[in-house]
Amino acid sequence: MRGVSKRRQNVPPPLPAPPPPPSLKPKPIEQKPSTPQICSTETNTDSFSPWRICSRLISILKYLILILVIPPFLNYASLQREGPLLQPQEGQLIDVGLGQKLYLSCIGKGQPVVVFDAPTGMSSDVWLSIQKDVSLVTQACIYDRAGLGFSKKAFQNEETRPDKPWAQSTTGRMVDDLHGLVMEAKLQSPLILVGSELGTLNARFYAHIHNWEVSDLVLIDPIPEELFMEDVWLQYWYNELILHHQIRQFSAAIGLNRMLLITGLLQPAMTGENISKEFVMRQKYLLSNPAHLSTAVDEHFFINESISQVRDISHFKPLSSTTSVTVITGDHYDEQLPDSLNKVVFQFQQQFIAQNYPSVKWIRIKETDRRMIYRKPSDVAKHLKKLINKKRVKQESQ
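Here goes a summary of the coordinates provided. (Residues numbered from 1 in each chain as written. Predicted model: local features only at pLDDT ≥ 70, side-chain atom pairs only at ≥ 80, totals over all residues. Heavy atoms only, no water.)

### As for unusual backbone geometry
Reasoning step 1: Residue proline 112 is reached from glutamine 111 by a cis peptide bond, and omega for that bond is 0°.
Reasoning step 2: Position of proline 112 among the secondary structure elements: in the loop between β2 (101–107) and β3 (114–117).
Reasoning step 3: That bond from serine 189 to proline 190 is cis: its omega, 5°, falls within 30 degrees of zero.
Reasoning step 4: Mapped onto the elements of the fold, proline 190 is located in the loop between α3 (171–185) and β5 (191–197).
Reasoning step 5: Notably, glutamate 197 is not glycine yet its phi reads approximately 55°, a positive angle.
Reasoning step 6: Of note, the phi angle at aspartate 221 is positive, near 50°, even though the residue is not glycine.
Reasoning step 7: Tracing the backbone through its elements, the reader meets aspartate 221 in strand β6 (residues 214–222). (Helix = DSSP H or I, 4+ residues; strand = E, 2+ residues; numbered from the N terminus.)

The structure is reproduced here in structure tokens:
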């Protein structure tokens with residue numbers, strides 16, 4: 001319709017769109033410097049990851065602890081069990097005073113009584129074959145010095161023992177202990193004292209101090225006193241021989257010696273005629289015993305002091321003219337020493353015998369060296385029995 005006009009409706013303009021809200025950006029987290037972790041708790045397949053390295057280190061430490069703790073513990077427990085079982089039944093422990101107990105074994109009957117003193121750092125086992133042979137004609141006694149074999153060393157304060165002026169593991173103290181043993185065991189004197197190496201120093205010292213108790217000295221491979229004034233010998237003794245014994249002692253303390261004996265990589269040194277199974281077992285026991293090996297080290301270390309004590313007593317109190325002296329040596333060099341050292345030993349041994357015992361009876365056993373007492377015991381026992389029979393004939397004729 002023409003007259004009717006359409007009204008334009010007043011529509012308000014559209015409102016502008018609101019601005020978009022500001023974007024919420026997260027604040028950056030401040031990262032603290034990370035400390036390196038040796039052992040991460042997160043597993044990682046990388047073979048060089050910290051977790052794998054740590055795991056391997058822990059495994060190695062476990063094995064080290066087992067190696068360092070278990071063998072010594074087992075060795076100690078075994079020694080406690082084996083000691084009473086391996087001690088010979090014919091022997092006994094005798095208290096020689098102030099708790100010091102020495103092992104003594106006497107077999108046979110008759111007089112004169114023969115007492116054997118072992119080489120440096122060795123137990124009385126070295127005399128077993130000779131003792132058995134000599135016991136057929138008289139009473140034969142072997143013993144272990146303090147700390148060796150089945151004799152225990154009494155650890156006491158030296159300052160509280162005015163009756164013991166000599167240091168442990170020296171000849172003076174050994175002779176004091178031996179005299180106490182002779183008295184406590186009531187061995188009839190006069191005795192025949194038989195010593196080898198360090199045992200010869202002890203036998204000589206005993207005969208000078210207690211001369212009325214000793215009728216005869218038998219010195220097997222005696223130690224020449226002047227030998228320890230030679231630099232070449234001192235270097236061998238202190239730098240090689242003692243070091244060898246120290247290593248063996250440490251090896252026994254950590255249980256290594258027992259493991260080597262079980263695997264056959266270590267064997268007892270003493271071999272010879274008629275070696276029994278019990279003898280071998282006792283030698284293995286002693287090789288595993290750090291206390292025994294510690295005393296062996298001490299006896300070697302204090303040898304110069306022992307020699308000085310014997311030299312002093314020899315000057316202060318000469319040997320009785322009624323005491324006979326017999327020297328027994330081998331005619332072979334020591335196979336474990338170089339020829340240069342063997343020649344030095346032989347030279348000073350000859351000088352020692354000529355100067356100290358010019359009228360001595362010197363017996364040389366063929367085809368043997370200083371180890372004759374356990375490699376050729378029958379030859380040594382033969383000469384000892386001759387000496388005993390000769391002495392009996394002389395006593396009967398008087």
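### Concerning the pairing of strand β7 (residues 324–330)
Reasoning step 1: Across the 7 residues of β7, 5 count as buried, placing the element largely inside the fold.
Reasoning step 2: Two strands pair when backbone bridges link them, and β6 and β7 are joined in this way by 5 bridges, in the parallel orientation. Its bridge partner lying in β7, leucine 219 is registered against valine 327.
Reasoning step 3: Pairing of β7 with strand β8 (residues 361–365) involves 5 bridges; the strand directions are parallel. In the sheet register, threonine 329 faces β8, and the bridge partner there is arginine 364.
Reasoning step 4: In terms of handedness, the path from β7 via helix α10 (residues 339–356) over to β8 forms a crossover that is right-handed. (Buried < 20%, exposed > 50% of the residue type's maximum accessible area, 1.4 Å probe, protein only. Pairing = 2+ DSSP bridges. Right-handed = clockwise from strand over helix to strand, strands pointing away.)

### Observations concerning the packing of helix α4 (residues 198–209) against helix α9 (residues 303–316)
Reasoning step 1: At a minimum axis separation of 10 Å, α4 and α9 run at an interaxial angle of 30°. Here α9 runs roughly parallel to α4, going by the angle between their axes. Crossing of α4 over α9 shows left-handed handedness. Each of Leu198, Leu201, Arg204, Phe205, His208 and Ile209 in α4 lies in contact with α9, whose residues at this interface are Ile303, Ser306, Ile307, Gln309, Val310, Ile313 and Ser314.
Reasoning step 2: Grouping the constituent residues of the contact of α4 with α9 by class yields 8 nonpolar, 4 polar and 1 charged. (Axes fitted to C-alpha atoms, helices over the stretch in contact; angles between N-to-C directions. Parallel < 35°, antiparallel > 145°, perpendicular 65-115°, else oblique. Left-handed = near helix turned anticlockwise from the far one by under 90°. Contact = heavy atoms within 4.5 Å. Nonpolar A, V, L, I, M, F, W, Y, C, P; charged D, E, K, R; others polar.)

### Thoughts on the sheet that holds β2
Reasoning step 1: One open sheet accounts for 8 strands, arranged β1-β2-β4-β3-β5-β6-β7-β8; its pairing is mixed. Edge positions in the open sheet fall to β1 (91–95) and β8, since each of these has one partner strand only. Strand after strand, the sheet turns through a mean of 25° between neighbouring axes, direction not considered.
Reasoning step 2: Contacts from α4 reach β3, β5 and β6, with the element oriented near 145° to β5.

### A short note on the side chain of threonine 200
Reasoning step 1: Tracing the backbone shows threonine 200 in helix α4.
Reasoning step 2: Its relative accessible area of 1% is what places threonine 200 among the buried residues.
Reasoning step 3: For threonine 200, the residues in contact, after removing those within four places along its chain, are Gly195, Leu219, Ile220, Pro222 and Ile223.

### A few points about the environment of isoleucine 373
Reasoning step 1: Following the sequence through the fold, isoleucine 373 ends up in helix α11 (residues 372–375).
Reasoning step 2: Separated by 103 residues in the primary sequence, isoleucine 373 and methionine 270 have C-alpha atoms spaced 10.0 Å apart.
Reasoning step 3: Apart from residues no more than four positions distant in its own chain, isoleucine 373 is found in contact with Pro119, Val126, Trp127, Ile130, Ser196 and Ile220.

### Notes on the nonpolar core
Reasoning step 1: Among the nonpolar cores identified, the biggest contains 50 residues, and Val115, Leu181, Leu193, Leu217, Phe228, Trp233 and Ile303 are the most heavily contacted of them.
Reasoning step 2: Every residue in contact with leucine 217, bar those within four places of it in the chain, is listed here: Leu193, Ala203, Arg204, Ala207, Leu319, Thr323, Ser324, Val325 and Thr326.
Reasoning step 3: Counting residues in each nonpolar core, the second largest holds 26 residues, with Val126, Ile363, Met372 and Tyr374 among its members. (Core = buried A, V, L, I, M, F, W, Y, C linked by side-chain atoms within 4.5 Å.)

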